[in-house]
Structure formats: structure tokens, C-alpha cells
Amino acid sequence: MKPRIVLALLLLAFFALTTSAAADWVEESDEVTQAVLNTQAKFMAEGAANLGLDEYDENIMDLRPEVYERARAEDERLAGMVRDRLKTAEHPKVIQDLEILLQSLEDGLESSALQRRYMLNYYNLPQGLFYGFRAILDPRIDPSRHAAALVRLKKYNGTAEGFEPVVELAKARTVERFAESGLIGPFKGELERDLNNVPRFLGGMRDLFANSGLEGWEQDYDLLEEQLSAYADWLREEMLPRSRTDHRLPEPVYADNLKNFGVRMAPEDLIRTAQFGFQEIRSQMKSIARQIAEQRGWENGELMHVMAELKKEQIPQDTILEVYNERLAAIEDIIRKEKIVTLPDRAANIRLATEAESASIPAPFMSPP
């Protein structure tokens, strides 16, 4: 056998072995991750679709009695399972994945414990249900999954056998904590915003069904809409009086919220850093404001005046999409000219957000097709 042929065969064998080893570690990592996702999806099925778990399309959130205790016990069990797997894991990438997974579980346990200790929370059902339905009725989703929304609908409104209306379960889980002393109610401004957005989410859900091509949903949805409207009235009566006007959170909860956004710095250190950064950015903004005032012939070049004047120049609703398309085209030209990245040979898909989407995220955002 010629040397070059031997070398080629050796290279092929090595590639096959490394490919097999790579597949092995991915399979091992996926096995543990899948076990965690499957368990957590039992408590919050609405989020499972976004993670690719379409087998939970017909399931709904678990708000039955002792849901906190049951969910916590499962997360503690999962954390123990991951720790055990770490003891025997050998591949460095598997170890890395398991450490990330364990950190996520431990962070989740800490967050839920802090929320339980300090906060009297409520369930924003209209928004949650809107996104639950959107995950399986979005036009980009395989139409074969749409029928699951009809099953969910009956489970939510309590007409499915063995199910109680989700609004009654949500109220029960909230009321059972009213007697606990020392809990802090929701921020009044946040609660009022959620209540004001209820009609938008109800309309958004109705549009999802109307545009889905499904039949026979109207009566069940009318019942759910009636229940959610009554739930909003209940929140006004029971939660608004228990809300707080001070937006500040207990320090442990605030620090935990920062951690969940990837910031593990102590709040005091973060405040000092932020104050310095704010002053630096403000100085830059003052300089830019003076330049803008000079360009536009404004006598007053103070920052707040310039900002107030600029805010008067709102883009009309009927031209927003046109402006975004123009801006994106200009950005794409720069990207292609400078060879920053390779772009697809097609136009980008841009659409205006629905009222329900805008209510949830009141700023421009991307939702890839």
C-alpha cells in the first residue's frame, strides 16, 4: 500500500473517531438537558414550544395547589441529578454544559425562594396566555400544530374534563398568600399598565385564532375572554389596594434580578459604576445637543430642550415601515460594501408589531421569521 493511501485512510479513521466522540458528548449533554426541560415543561408548558418541545402543545401551566412546593422539589431533584452526573462526567464539554445547567437550576431555586419570601405577586394571565397561543398559532409555525390551541382553550376555560378555569386557580394561588405578613405587593404602576393592556391581549388572542384557519373556537374563546375580563376586575379590587407606590425592591430581590440579567455585581458597586457612566454619557449628549441645535438654528442648545424638540418629530404611523425598510437597506449596503458579514440573497422581512406585541414590548424589537 502506498504511503499516501495509508495516510489518507488514517485521516479518514481519525475523522470518523473524532466525529463519533463529538456525537457522544453532545448526546450525553442533551440527555441531561432534555430531562430538565421535560420536567420544567410540566409546570409551564406555554414556554416549552419556544424550546422546541412540541409534545407539550396541548398542555397548560400548572397552578394547582402547592405548585410552588412541587416545582421546587422537582428543581432540587434535578439539581441533585446534575451534581451526580458531574461526578462521573469525563468529557470537558459535557462537564462545562452540566456546570452551566447546575448554575441555572441553583439560580432559579434562589430566585423563587426570594420571590416567595418577600413578594406578593399576581399572575398576568392575559399576557401569558397570549404568548402561549402565539407559540402554536403564529403563521411561521407548522399548521399541523394549530389544532392544539383548541385543546388548550378548553383547558384554560375549564370546559375540558378534569380542568378548572385557569383564572380561578390563579386567584386561589394569590389569595392563599394574603394572610402572610411582611409581603410586598406589586408596584402600582406596573399593575395598572398590565390592567390597561388587557384589551390588547384579548384582541391579540382573538386575531390569532381568527387568522389560524381553525374552526369552532369562537364559543370557547368568548368564555375565556369573559373569564379574563372578570379576572382583571378582580385584580383591580383585590390587588390594587395591596400594591405599593414605591418602585424600589428589597435589596436581595433587586440583586437577584440583576443576577438574572447576567449582572452579579453588588448593587452598591453597580450604582457607583452606573453613576460614573451616566455622567460620562450625559457630557457626550450635551455636546451632541449643542451640535444639533447649531445645525437646526435653535438658540437654546441645552440638552433637555433639544431632546424635547426632537421628541416632537414623531414618525407617522403609516410611514414607520417605510422608514425602517429604508434604514435597513442603507445598513445592508454598508455591510456588503465593507464585507462585514455575508447576507442572504433576499430582502429582510419586516412587519409592524400587533397591538398585543407592542403592549408586551413597547419598543422596536426583532422576531425572526
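Structure shown above.
Predicted model, so just to flag it, every value in this text is computed and none were measured.

Rules used throughout
Residues numbered from 1 in each chain as written. Predicted model: local features only at pLDDT ≥ 70, side-chain atom pairs only at ≥ 80, totals over all residues. Heavy atoms only, no water. Helix = DSSP H or I, 4+ residues; strand = E, 2+ residues; numbered from the N terminus. Rg over C-alpha atoms; globule rule 2.2 N^0.38 Å. Buried < 20%, exposed > 50% of the residue type's maximum accessible area, 1.4 Å probe, protein only. Contact = heavy atoms within 4.5 Å. Lys, Arg positive; Asp, Glu negative; His and termini not counted. Charge placed at Lys NZ, Arg CZ, Asp CG, Glu CD. Axes fitted to C-alpha atoms, helices over the stretch in contact; angles between N-to-C directions. Parallel < 35°, antiparallel > 145°, perpendicular 65-115°, else oblique. Nonpolar A, V, L, I, M, F, W, Y, C, P; charged D, E, K, R; others polar. Phe/Tyr/Trp six-rings, centres within 6.5 Å; stacked < 30°, edge-to-face > 60°. Left-handed = near helix turned anticlockwise from the far one by under 90°. Core = buried A, V, L, I, M, F, W, Y, C linked by side-chain atoms within 4.5 Å. Salt bridge = Lys/Arg side-chain N within 4 Å of Asp/Glu carboxyl O. Polar contact = N/O pair within 3.5 Å; in protein donor to acceptor, adjacent residues only side chain to side chain. Patch = residues over 30% accessible without salt bridge, like charges linked within 9 Å, V, L, I, M, F, W, Y side chains within 5 Å. Areas by Shrake-Rupley, 256 points an atom, 1.4 Å probe, with all protein chains shown as cover.

A. Structural context of the overall build of the protein chain. Looking only at helices and strands, the protein chain has 14 helices and 0 strands in total. In the protein chain, the succession of helices and strands from N to C terminus is α-α-α-α-α-α-α-α-α-α-α-α-α-α. For 369 residues, the compact-globule estimate of 2.2 N^0.38 gives 21 Å, and the C-alpha radius of gyration of the protein chain, at 26 Å, exceeds that figure by more than 25%. With the C-alpha coordinates of the protein chain rotated into their principal frame, the extents come out at 85 × 65 × 50 Å. In the protein chain, which comprises 369 residues, the proportion classed as buried is 31%. The long-range share in the protein chain, meaning contacts at least 24 apart out of those at least 6 apart in sequence, stands at 68%. Distance between charge centroids for the protein chain: 4 Å, based on 45 positive and 63 negative side chains.

B. How the structure looks around the packing of helix H4 (residues 125-137) against helix H9 (residues 218-238). Closest axis-to-axis distance for the H4/H9 pair is 10 Å, and the angle between their directions is 150°. Here H4 lies roughly antiparallel to H9, going by the angle between them. Only Leu 224, Leu 228 and Tyr 231 of H9 make contact with H4, whose side of the interface consists of Leu 125, Pro 126, Leu 129 and Phe 133. The residue inventory of the contact of H4 with H9, partitioned by class, reads 7 nonpolar, no polar and no charged.

C. Molecular detail of the packing of aromatic side chains. All told, the structure shown has 9 aromatic pairs when counted by the stated rule. Aromatic pair Phe 133 and Tyr 156: ring centres 5.4 Å apart, planes at 80°, arrangement edge-to-face. On the criterion of sequence distance, the pair formed by Phe 133 in helix H4 and Tyr 156 in helix H5 (residues 148-157) is long-range, its members being 23 residues apart. Neither Phe 133 nor Tyr 156 differs from the other in exposure class; each is buried. Seen in terms of ring centroids, Phe 209 and Tyr 221 are 6.0 Å apart; in terms of plane orientation they differ by 45°. Their pairing is tilted. Of this pair, Phe 209 sits in helix H8 (residues 198-210) while Tyr 221 sits in helix H9; the two residues are 12 residues apart in sequence, bridging distant segments of the chain. Neither Phe 209 nor Tyr 221 differs from the other in exposure class; each is buried. Aromatic ring contacts, followed pair by pair, group Phe 133, Tyr 156, Phe 209, Trp 217 and Tyr 221 into a single cluster.

D. Expanded view of the packing of helix H3 (residues 92-118) against helix H10 (residues 251-260). Where H3 meets H10, the axes come as close as 10 Å, and the angle between the chain directions of the two elements is 150°. By the angle class used here, H3 and H10 are roughly antiparallel. The two elements H3 and H10 meet at a crossing, and its hand is left-handed. Where H3 abuts H10, its residues Asp 107, Glu 110, Ser 111, Leu 114, Gln 115 and Tyr 118 lie against Pro 252, Val 253, Asp 256, Asn 257, Lys 259 and Asn 260. Considering only residue class, the contact of H3 with H10 consists of 4 nonpolar, 4 polar and 4 charged.

E. Fine view of the environment of Leu 228. For Leu 228, the position within the fold is in helix H9. Distance from Leu 228 to Lys 155, taken between C-alpha atoms, is 14 Å for residues 73 residues apart in sequence. Excluding residues within four positions of it along the chain, Leu 228 makes contact with Leu 125, Pro 126, Leu 129, Val 167, Leu 202 and Met 205.

F. Summary view of H10. Turning to H10, its buried residues number three or more, namely Val 253, Asp 256, Leu 258 and Lys 259. In this structure, the buried residues of H10 make contact with H3 and helix H11 (267-296). Two residues or fewer past H10, Gly 262 is found with a positive phi of approximately 90°.

G. Region of interest: the nonpolar core. By size, the foremost hydrophobic cluster in this structure holds 42 residues, and its most contacted members are Leu 125, Leu 129, Phe 133 and Phe 209. Elements that contribute at least two residues to this core include exactly H4, H5, helix H6 (166-175), helix H7 (188-196), H8, H9 and helix H14 (355-360). The residues touching Leu 129, leaving out its near neighbours within four places in the chain, are Met 61, Tyr 156, Val 166, Met 205, Leu 224 and Leu 228. Leu 78, Ala 79, Leu 98 and Leu 105 belong to the second-largest nonpolar core, a separate cluster that totals 12 residues.

H. Broad picture of the pattern of salt bridges. All chains considered together, the criterion is met by 28 salt bridges. Glu 74 is the salt-bridge partner of Arg 77, the closest N and O atoms lying 2.9 Å from each other. A residue pair is termed a helical-turn pair when its members lie 3 or 4 positions apart in one helix, as Arg 77 and Glu 74 do in helix H2 (residues 67-88) at 3 residues. The exposure class assigned to Arg 77 is partly exposed, which follows from its relative accessible area of 44%. The exposure class of Glu 74 is partly exposed, given its relative accessible area of 26%. Note that Asp 246 and Arg 248 form a salt bridge whose closest N and O atoms lie 2.8 Å from each other.

I. Quick peek at the side chain of Asp 62. Here Asp 62 shows up in the loop between helix H1 (3-41) and H2. Within the structure, the side chain of Asp 62 is placed 2.7 Å from the side chain of Arg 70, a separation counted as a polar contact.

J. Quick peek at a nonpolar patch on the surface. A grouping of Ile 334, Ile 340 and Val 341 is seen on the molecular surface, where their side chains present a nonpolar patch of about 290 Å² in accessible area. Positionally, Val 341 belongs in the loop between helix H13 (320-338) and H14. With a relative accessible area of 49%, Val 341 lands in the partly exposed category.

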